[in-house]
Structures are given as structure tokens and as C-alpha cells.
Amino acid sequence: MRPTLRRVGIQISPSILSADFSRLGDEVAAVSAVADWVHVDVMDNHFVPNLTLGLPIVESLARVSALPLDCHLMIDDPDRWAPPYAEAGAQSVTFHVEAAADPVRLARALRSLSARAGMALKPATPVEPYVGLLPEVDMLLLMTVEPGFGGQPFLDVVLPKIRAARQLLVDADSQVWLQVDGGIGPETIERAAEAGADVFVAGSAVYRSDDPAAMVELLRAKARSAVPGVDVRH
Ligand code: DX5
Ligand code: ZN
């Protein structure tokens, strides 16, 4: 059995990318009693071929959300554009290593603004070159689809990378959270959890279901059942 002592617990972060953008406040409220975070996908039509939302909407959401905001920035030049999301009230701000010029300086800037700093890797980006940066961040996000769109199928090919990353974190006695994002639903969350993820983003599974809150609870139950004994928080 893989050691699991450093894992704080299973966390669920519904992605509003699949929510109704005309009533975002209500969509966030629908999961507020059961989720841990609200995942906000910022896309700039440069780093990814899609355009979503930006700072003004994050500022508005931060004012009304009962849950902390987990901002996932799929944007070019996060060195310049990420810190304002922390200033806007996001409690976690994740940038892509493929886009960051100086990830250490950026992570330190985010932390100095009282946000958790997240470092994201696309499916084909190996984790090993970034191991030395782990003490500088609070979360490692391993994408389980190509970033850019919701509703894509989970990439099982990423599972060995999740396993390797969990082992690296265990070996380093690290408290860094390991987030997965893309294709997470009732059919896939157990294998992502078993591989070592502890923070789960789910967009279409939650917001395309008839009962988003019930889906969050189902996802949490399935993740817990895949790694009994991990969840000490709930
Ligand atoms: C994709 C985004 C995801 C997206 C996930 O680039 O980063 O957060 O919302 O959507 P699902 O859960 O539908 O794959
Ligand atoms: Zn995301």
C-alpha cells in the first residue's frame, strides 16, 4: 500500500465552465453546501483555442461565492496576468508551467498575495523537470484532458504520471495537493483517486447533471471509496 499520511483529504472543485453563464451566482450556490472550491477556467484564446471569462467576472464571483475560488489560468504570460486574480480574491491561482517565464517568482508573488499557488501541466508535459519547484507551490495540477474545453474524455494515459507525482510527493514528505482536471466523473474518479489525486475538478459531470449537489456528493463518495482512510477532513 502506498503511504497516504500526507493527504489532507478528498476535495471536489466543480468547474463552472459547464454552468449556465447567465446565472453564475445561482450555479455556484447550487454546490456551495457540498463542494470545497469553485473551479474557474480562465482562457485567453492564445494559450488555448477558447475564450471564457476574466478578471471582472472573477471579482464579481468572489463577492458572492460562499466557496473559495480555484482559478485555473489557461493564459499566456501568467507572470503578468495571474497576480491580479489573487488580488481579486481568488484563494487559489493556478498557472501553466508551459506559459510561465519565471514560475518561482510568480508562485512567490501569488503566495505573497495570500493565495495558494498552483502549477499546472498539460498531459504531455512531464513532471520530473518541475520537481524542484514543488516547495514553491501549494498544488500540482495534472491535466487529464488537453486544456481548452469541457466535456472531453478522461485520458487514462495520464494515470502513470499521477502515480509518479504522488510518489514524488510522498518521498519528499510534501503537503502539496495533487489536482486532476478533465473528464472526471463517476466512471473515472476512482481510478484518478487510486492513482494518487486528492483534488478533483469536475465540470460537465456536475453541471450537466440534474442535481449538481448530489453529483458532488457522489463523486466524493466514489473518491473516498477508492482510497479508504485518506479523508480525514470530512
Ligand atoms: C478544461 C478545463 C476544465 C473543464 C473540465 O480545459 O480546465 O476545468 O471545465 O471539464 P470536464 O469536467 O467536463 O472535463
Ligand atoms: Zn480547469
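Here is what the cut-offs are and how they apply
- Residues numbered from 1 in each chain as written.
- Chains lettered and ligands numbered in written order.
- Predicted model: local features only at pLDDT ≥ 70, side-chain atom pairs only at ≥ 80, totals over all residues.
- Heavy atoms only, no water.
- Donors = N, O, S within 2.8 Å, 3.2 Å for Na, K, Ca; no water.
- Tetrahedral: all angles 85-135°; square planar, octahedral: opposite > 155°, others 65-115°.
- Helix = DSSP H or I, 4+ residues; strand = E, 2+ residues; numbered from the N terminus.
- Salt bridge = Lys/Arg side-chain N within 4 Å of Asp/Glu carboxyl O.
- Buried < 20%, exposed > 50% of the residue type's maximum accessible area, 1.4 Å probe, protein only.
- Pairing = 2+ DSSP bridges.
- Near = heavy atom within 4 Å.
- Polar contact = N/O pair within 3.5 Å; in protein donor to acceptor, adjacent residues only side chain to side chain.
- Areas by Shrake-Rupley, 256 points an atom, 1.4 Å probe, with all protein chains shown as cover.
- Nonpolar A, V, L, I, M, F, W, Y, C, P; charged D, E, K, R; others polar.
- Contact = heavy atoms within 4.5 Å.
- Right-handed = clockwise from strand over helix to strand, strands pointing away.
- Core = buried A, V, L, I, M, F, W, Y, C linked by side-chain atoms within 4.5 Å.
- Lys, Arg positive; Asp, Glu negative; His and termini not counted.
- Axes fitted to C-alpha atoms, helices over the stretch in contact; angles between N-to-C directions.

Undergrad: What am I meant to see in the coordination of the zinc ion (ligand 2) here?
TA: The coordination sphere of the zinc ion (ligand 2) contains the protein donors His39 (NE2), Asp41 (OD), His72 (ND1) and Asp181 (OD), at a distance range of 2.0 to 2.3 Å. Because the angles between the six donor atoms bound to the zinc ion (ligand 2) fall within 71 to 171°, the donor set is best described as octahedral. Between the donor residues of the zinc ion (ligand 2), the gaps in sequence give the motif H-x1-D-x30-H-x108-D. Note that aspartate 41 is positioned in strand E2 (residues 38-43) and histidine 72 in strand E3 (residues 69-74), a separation of 31 residues in sequence.

Undergrad: Please explain the pattern of salt bridges as it appears in this structure.
TA: Note on pairing: side chains with opposite charge can pair once their charged atoms come close. Tallied over the full model, the rule gives 10 salt bridges. Glutamate 27 is the salt-bridge partner of arginine 23, the closest N and O atoms lying 3.3 Å from each other. For arginine 23, a relative accessible area of 36% translates into the label partly exposed. Here the salt bridges share partners, and the residues they tie into one network are Arg23, Asp26 and Glu27.

Undergrad: Hey, could you run me through the pairing of strand E1 (residues 11-14) in this one?
TA: Across a regular strand the side chains alternate sides, sitting on one face of the sheet and then on the other. Both faces of E1 are covered, namely the face carrying Gln11 and Ser13 and the face carrying Ile12 and Pro14. With four bridges joining them, E1 and strand E8 (residues 199-202) adopt parallel strand pairing. When the sheet's bridge partners are listed, glutamine 11 is paired in E8 with valine 199.

Undergrad: Before we go on, may I ask you to explain the site of ligand 1 in this structure?
TA: Contacts to ligand 1 come from 20 residues, most closely from Asp41, Gly148, Asp181, Gly203 and Ser204. Between ligand 1 and glycine 148 there is a distance of 2.7 Å, counted from an oxygen atom to a backbone nitrogen or oxygen. In the model, an oxygen atom of ligand 1 is placed 2.8 Å from a nitrogen or oxygen of the glycine 203 main chain. When the free accessible area of ligand 1 is taken as 380 Å², the share hidden by the protein chains comes to 100%. The biggest single contributor to the shell around ligand 1 is E2, with three residues. Grouping the constituent residues of the shell around ligand 1 by class yields eight nonpolar, 10 polar and two charged.

Undergrad: I'm lost on the environment of alanine 205 in this one. Help?
TA: Structurally, the position occupied by alanine 205 is in helix H8 (residues 204-207). As for alanine 205 and serine 15, which are separated by 190 residues in sequence, their C-alpha atoms are 9.4 Å apart. Aside from chain neighbours lying at most four places away, what touches alanine 205 is Ile184, Gly185, Pro186 and Met215.

Undergrad: Before we go on, may I ask you to explain the pairing of strand E5 (residues 116-121) in this structure?
TA: The element E5 is extensively covered by neighbouring structure, given that five of its six residues are classed as buried. Running through helix H5 (residues 103-112), the crossover from strand E4 (residues 92-96) to the neighbouring parallel element E5 is right-handed. As paired elements, E5 and strand E6 (residues 139-143) share four bridges and run parallel to each other. Counted as the bridge partner of alanine 120 is leucine 141 from E6.

Undergrad: Please clarify how the nonpolar core should be interpreted in this entry.
TA: Side chains of a nonpolar character, in soluble globular proteins, are inclined to be buried together. Ile16, Val40, Val93, Met119, Leu140, Ile162 and Phe200 are the most contacted members of the largest nonpolar core, which has 69 residues in total. The biggest single contributor to this core is helix H9 (residues 212-226), with five residues. Within the second largest apolar cluster, five residues are counted, among which are Phe47, Val48, Met74 and Ala99.

Undergrad: Would you take a moment to explain the side chain of aspartate 181 for this structure?
TA: Mapped onto the secondary structure, aspartate 181 falls in strand E7 (residues 177-181). For the buried aspartate 181, no salt bridge exists, and the shortest N-O distance to an oppositely charged side chain is 13 Å, to lysine 161. In terms of polar contacts, aspartate 181 uses its side chain to reach the side chain of histidine 39, at 3.2 Å. Ignoring any residue separated from it by four or fewer positions in sequence, one finds aspartate 181 in contact with His39, Asp41, His72, Leu141, Leu142, Met143, Thr144, Val145 and Val201.

Undergrad: Would you take a moment to explain the sheet that holds E1 for this structure?
TA: Hydrogen bonding along the main chain pairs the strands of a sheet, whether they run parallel or antiparallel. Pairing within the open sheet is parallel, and its eight strands lie in the order E1-E8-E7-E6-E5-E4-E3-E2. Of all strands in the sheet, those with a lone pairing partner are E1 and E2, marking the two edges. For this sheet, the mean angle separating the axes of adjacent strands, direction not counted, is 25°. Sheet analysis places E4 next to E5, joined by five bridges and oriented parallel. In the sheet register, valine 93 faces E5, and the bridge partner there is alanine 117.

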